[in-house]
Amino acid sequence: MTREFSAGLFDQEVVAQLAFNVWVAVPATGGATTVWRHRWEPADEQHRQAYGYQLQTVGHCQRVSLRPELGDGLLFNPANFHAVDPCPGQRRIAFALFLALTTNGQLIAWS
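Examining the sheet that holds strand β3 (residues 63-66)
Spatial strand order, β3-β2-β5: 3 strands in an open sheet with antiparallel pairing. If you trace the sheet from one side to the other, it starts and ends with β3 and β5 (80-84), each paired once. The average angle at which neighbouring strand axes cross in this sheet is 20 degrees, direction not considered. In this sheet, β5 lies alongside strand β2 (residues 33-39) in antiparallel orientation, the contact comprising 4 bridges. Its bridge partner lying in β5, Thr 34 is registered against Ala 83.

Laid out in structure tokens, this is it:
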């Protein structure tokens, strides 16, 4: 969030941020979400492609993948690299929201 809104989006500074997705339609195949244990670094820009980054940027990092079932939820740090596998010809629908903890201890949510 601080990369997109460096001047600040909220009245107070954000200490931590989480994303939450819950799936209401899932494909029979594909659609897995993968989160890598890697946050953006300036050196990653050499691997940038159109929308996202080449796999070699995070290929060496720990990761977790979840192919969601209907009603599953996933809570993760969106500052970590993450991606969704294609699900050709099928729908994958999720409701999402973001949570953040501010410096004064407030928990805020937005979507």
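Here we look at the side chain of Asn 80
Within the fold, Asn 80 resides in strand β5. Residue class for Asn 80 comes out buried when judged on its relative accessible area of 15%.

What counts, and where the lines are drawn
Residues numbered from 1 in each chain as written. Predicted model: local features only at pLDDT ≥ 70, side-chain atom pairs only at ≥ 80, totals over all residues. Heavy atoms only, no water. Pairing = 2+ DSSP bridges. Helix = DSSP H or I, 4+ residues; strand = E, 2+ residues; numbered from the N terminus. Axes fitted to C-alpha atoms, helices over the stretch in contact; angles between N-to-C directions. Buried < 20%, exposed > 50% of the residue type's maximum accessible area, 1.4 Å probe, protein only.

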